[in-house]
Structures are given as C-alpha cells and as structure tokens.
Amino acid sequence: MLRRPALDADVAVIGAGPAGAATALFAARRGHRVVVMDKQAFPRDKPCGEGLMPSGRPPLRELGLDEIVTANGAPPLTGVQFGVAHQPQRAVPFPEHQGDQAGLGIRRLDFDARLAERLSRDPLIEFCQDTEVRDLRRDSGTLSTLATTRGEVRARFVVVADGLRSSLRHRLGWTVGPRPPHRYGIVAHWQIEGPVDPWVRITFDEGLEVYEGPVAGDQRMIGLLCYQDRMPDFSGRLAARYREIVLSLRPELGDAELVGPVAATGPFWYRAKTVAEHGIFLVGDAGGFTDPITGEGIAAGLRQARAFAAALDSSNPERTYRQAHRRLTTNPRRVASLFLRLSRTPALVERGLRSHERAPRMLSKLLGVGFGYWGFNRITPREWVRMFTGR
Ligand SMILES: Cc1cc2nc3c(=O)[nH]c(=O)nc-3n(C[C@H](O)[C@H](O)[C@H](O)COP(=O)(O)OP(=O)(O)OC[C@H]3O[C@@H](n4cnc5c(N)ncnc54)[C@H](O)[C@@H]3O)c2cc1C
C-alpha cells in the first residue's frame, strides 16, 4: 500500500508485465529501492502467443525464475515449423547460442503471476497492484512525480512499462504509430490429447497466419494474425469464425477442444520518439513493438529490463540505455519487417521454404538475427539469393 502524501523510491516502474517486473527485479538486485505499480491485480491474463524465445532464457535464469517456470510445466520449444496452408511444413530448429537452444511455452496467466509473486517477496520492492498511474511529471532535474489512483509517488528514475498502447508514453508525447496497414491478433487455447508437440507452427495463408505453440497442461495456444481488411469477417461472431478458420487451415486439430475465451487484440506496430530522456525510460512494448510474428516480445522486454538496470551504474543512464536499446532492437525489428513482407506474399514464403531444402541452416541463422544473437552478415549473399528465388 502506498504511503501518503508521497513515497520516495530510486526507481518507479509503471506496469508489472514481464518487462516491468523484470526491470524491478534487476534494479533491486543492484541495490535500488523500487516501487512497481500495476492497474490490474495478479493473476491476470494477456493475449499473447506465449512462446518465450531462447534469447529470453538467460535473463530469466539470472533472476532465478527459469527453474520455477519449467518446474511449473512450461514445455520446451524446439524451433519453428513454417508452411503454406495445406502444404507440408518445414522444420527450422532454433539456433544454438551460448548453450541455449530451446525456448519455453509459457502460459501468461501463470508466467506473469510468478513474476508478480517474486516482486511481492523482494525486500527492496514495494509492489502495488490495482494501482493505475494517471500522470507523470518531471519536477526538477532529479525527481519525477507520478499521480496514481492511490496517491503520489516520487522517484529519481521512472520506467514506463505499460505495454503496447502505453498511455504514459502518449502523455509524454513520445508515441509514434500505430502504422498502417493495421494488424490484429485473435488468440485462444485448445486442449490437445497426446504427447506435447514442441514446435511453434506458423502457417501462412492469403493475408492471414496461424501461429501456435504448446503451453502447460496439454494446451496449445493458437493465434490468428491478420490485416484489418479481414476483421469485419469476425464481427459479431469472433469465436465461431476463429474456430472455423483455425480448423480449415489446421484440420489436424479436429479432435481438439477449444477451452477458455477467444480474445482479439491490436493494432500492432508502435514506436517511441525516444526511449530515455530526463530520468524517464521506456521498457518492453512501451518502447516499441513491430508484430507478434517473430514471437520475441517477452524475451526483448526481459533483455531491455536487464540493460536498463545496468545503465543505472553509468554516468549517463539515459544515453547508455538508448544505445543498448538500439543494439537490442535494430536487427530483430528488421527481421520482423521481413517476416511481415513475407506474410503479404505467400509466393515468397514458398520460395523461402524451397530454399530451406538446399540451404537448411539459412532460416535458423535468420531466426538468430531476430533473437539478437548476431548480425545479418551471418547470412551469405548466396543464401539471400536462394531465399528470394527459391533456387
Ligand atoms: C497476438 C499476440 C501474440 C504474441 N505472441 C508472442 C509470443 O509468442 N512470444 C513473445 O515473446 N511475445 C509475443 N507477443 C508480444 C508480447 O505479448 C509482448 O511483447 C509482452 O507482453 C510485452 O510485455 P510488457 O511487460 O512490455 O507489456 P504487458 O505484458 O502488456 O504489460 C503491461 C502491464 O502494464 C499495466 N498497465 C498498463 N497501463 C498502466 C497504468 N496506467 N498504470 C499501471 N499499470 C498499467 C497492465 O495492466 C499490464 O500488466 C504477442 C503479442 C500479441 C498481441
């Protein structure tokens, strides 16, 4: 519970999703006093593809959470099977990097609740649920004041981690986007009998993709990603139309049972004019998000959280974080844009998949660029030509 009239902290974090929670935990590990506020109470759900890419496992391990999440039943993810509707899929294993190769299928309801539990147990963190931050003002060179539904909070550094449509980023005047053509996601869970399928599957169809992966409890998260022009199709019959489309593109799921609600979300593609200025930092989706198609939003948020906490030790934390953010996001964003380009042109997807038979490491290398492991120069000119010509 917040004290009145003001609580002073070194770091105030707005939003306790994966990015905000990890920011608080990394900052507390460096000895900073942190207050975290979320407008919701945990456990709370969040529409998501629920695949934690392998690049998110090192920061999760550093926070001591990887073991807890796997012990809780999160299945490993081996790689991605890409395919065009009604044609065989091609398996692209995740690349190995510094000992990590597998991702995790995480149910957001549980995963975010584990992070929240950790916040509540940390002696340097005050975690305020059901607390909405309504405004943010810079008082002096060294302090900001947050107006919350439970009183004021003053802090030296403020981290805005309130997600994709970040209202605080908007108040700061830093929002860019959403950029058309607008894309939307429709997600739900299916109960599947039999052994766990450890692959993420992406099936491309005209102007639409099915994105799916396993989570705990023999469930599979299945999402449709599509452009705005497909959305009227769902009007007034979201669940029924979602089910029809999923089953037409993935008839193998015929015996599976749809469990829980069907949720729609979007549009995507936001950017920020800056991600750090005058003691205010944007972490996670609030700092920009391209599209769910690469499934790296959570891993990106965890890595940015770590970079923010490390930047606090530098003489110019804002500049250090801006540089780290650019390093962490530039190539992954380019890969997401490339995948989006493919999503609009199934013929290109077919060519790319044909090239995979002749150069089977090329797509794994591309996934590695998207995870921020290495640059595009890993991919040879010959491999690029193959990808776009299919020869
Ligand atoms: C359809 C879809 C599929 C996706 N698939 C994947 C995937 O497979 N893998 C992956 O890694 N990523 C995926 N993503 C992206 C991923 O969901 C996000 O990148 C991730 O949730 C970002 O975490 P975050 O902590 O920045 O924001 P969020 O998880 O959105 O958390 C923001 C928090 O801020 C709180 N908040 C908001 N406003 C306020 C306020 N004013 N005051 C206080 N609290 C506030 C909210 O209650 C919320 O808890 C997908 C996204 C979508 C939409």
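Position numbers for residues count from 1 along each chain, tracking the sequence in the order it is written. For this predicted model, a pLDDT threshold of at least 70 governs which residues receive local features, and a threshold of 80 or more governs which side-chain atom pairs are given and counted, while totals over whole chains, interfaces and linings are taken from all residues.

A.B. asks: Describe the overall build of the protein chain, with residues and values.
C.D. replies: Each helix corresponds to a stretch of at least 4 residues labelled H or I by DSSP, and each strand to a stretch of at least 2 residues labelled E; elements are numbered beginning at the N terminus. Assigned secondary structure in the protein chain consists of eleven helices and 21 strands. We take the radius of gyration over the C-alpha atoms and set the globule estimate at 2.2 Å times the residue count to the 0.38 power. Taken against the 2.2 N^0.38 rule, which gives 21 Å for 391 residues, the C-alpha radius of gyration of the protein chain at 21 Å falls within 12% of a compact globule. Expressed as lengths along the three principal axes of its C-alpha atoms, the size of the protein chain is roughly 65 × 45 × 40 Å. Three exposure classes are used, based on other C-beta atoms lying within 10 Å of a residue's own C-beta, which is placed from the backbone: buried for 20 or more, exposed for 12 or fewer, and partly exposed in between. Looking at the 391 residues of the protein chain, the share that counts as buried comes to 47%. What counts as a contact here is a pair of residues whose C-beta atoms, placed from the backbone, lie within 7 Å. Once local pairs closer than 6 in sequence are excluded, the contacts in the protein chain between residues at least 24 apart make up 73%.

A.B. asks: Please give an account of the sheet that holds strand β18 (residues 270-272) that cites residues and values.
C.D. replies: Two strands are counted as paired when DSSP detects at least two bridges linking them. With antiparallel pairing, the three strands of this open sheet are ordered in space as β12-β18-β21. Of all strands in the sheet, those bounded by a partner on one side alone are β12 (175-176) and β21 (288-289).

A.B. asks: Explain the packing of helix α1 (residues 18-29) against helix α7 (residues 297-311) residue by residue, including any values.
C.D. replies: Between α1 and α7, the least distance of the axes is 8 Å, while the angle of their chain directions is 30 degrees. With respect to α7, the axis of α1 lies roughly parallel. Taken as a pair, α1 and α7 cross one another with a handedness that is right-handed. When α1 is examined against α7, the residues P18, A19, A22, T23, F26 and A27 are found in contact with a partner set consisting of I298, G301, L302, Q304, A305, R306, F308 and A309. To define axes, lines are fitted to C-alpha atoms, for helices over the stretch in contact only, and angles between the resulting N-to-C directions are given on a 0 to 180 degree scale. In these notes the angle categories are as follows: under 35 degrees is roughly parallel, over 145 is roughly antiparallel, 65 to 115 is roughly perpendicular, and the rest is oblique. By definition, turning the near helix anticlockwise from the far helix through less than a right angle yields a left-handed crossing, and turning it clockwise yields a right-handed one.

A.B. asks: So what about the site of the ligand? Which residues, and what values?
C.D. replies: By nearness alone, 39 residues border the ligand, and G17, G49, G185, G284 and G297 come closest of all. Looking at the shell around the ligand, the elements that each hand over two or more residues are α1, β3 (51-52), β13 (183-191) and α7. Across the shell around the ligand, the residue classes break down as 16 nonpolar, 15 polar and eight charged. For each residue, a C-beta atom is placed from the backbone, and the residue is labelled near a molecule or strand when this atom is within 6 Å of it. Classes in brief: Ala, Val, Leu, Ile, Met, Phe, Trp, Tyr, Cys and Pro nonpolar; Asp, Glu, Lys and Arg charged; the others, Gly included, polar.

A.B. asks: Could you give an account of the sheet that holds strand β15 (residues 208-215), with specific residues and numbers?
C.D. replies: If you trace the seven strands from one edge of the open sheet to the other, you get β6-β5-β14-β15-β16-β13-β17, paired in mixed fashion. Each edge of the open sheet is held by one strand with a lone partner, namely β6 (90-93) and β17 (257-265). Neighbour to neighbour, the strand axes of the sheet diverge by 20 degrees on average, direction disregarded. Strands in contact with helix α9 (residues 346-358) are β5 (79-84), β6 and β14 (199-205); relative to β5, the strand with the most contacts, it is inclined by about 125 degrees.

A.B. asks: Describe the nonpolar core, and please don't skip the residues or the numbers.
C.D. replies: One finds V36, V159 and F281 to be the most contacted residues of the largest nonpolar core, which totals 106 residues. Once residues within four sequence positions are removed from consideration, V36 is found in contact with V13, A16, G20, A24, L119, I125, F127 and C128. Grouped together as the second largest cluster of nonpolar side chains are five residues, L164, F268, Y270 and F289 included. Put simply, a nonpolar core is buried Ala, Val, Leu, Ile, Met, Phe, Trp, Tyr and Cys residues tied into one set by C-beta atoms within 7 Å.

A.B. asks: So what's going on with the environment of R156? Which residues, and what values?
C.D. replies: Relative to the elements of secondary structure, R156 occurs in strand β11 (residues 151-160). For R156, a count of 17 C-beta atoms within 10 Å gives the class partly exposed. When the C-alpha positions of R156 and A300 are compared, they lie 25 Å apart, and in sequence the two are 144 residues distant.

A.B. asks: Tell me about the domain arrangement of the protein chain, residues and numbers included.
C.D. replies: By the assigned domains, the protein chain splits into domain 1 (6-75 + 99-178 + 269-334), domain 2 (183-265) and domain 3 (346-389). Just the C-alpha atoms count here: the centres of domain 1 and domain 2 sit 28 Å apart. Taken together, the contacts link 16 residues of domain 1 with 18 residues of domain 2. Of the residues in the side of domain 1 that touches domain 2, the class split is six nonpolar, six polar and four charged. The split into domains, and so the bounds of each, comes from an automatic or database assignment of domains.

A.B. asks: Give a detailed account of the environment of F234, specifying residues and quantitative values.
C.D. replies: Among the structural elements, F234 can be located in the loop between β16 (219-227) and α6 (238-249). Sequence separation between F234 and S364 is 130 residues; the distance between their C-alpha atoms is 34 Å. In this structure, F234 is in contact with I186, R241 and Y242, ignoring residues within four places of it in sequence.

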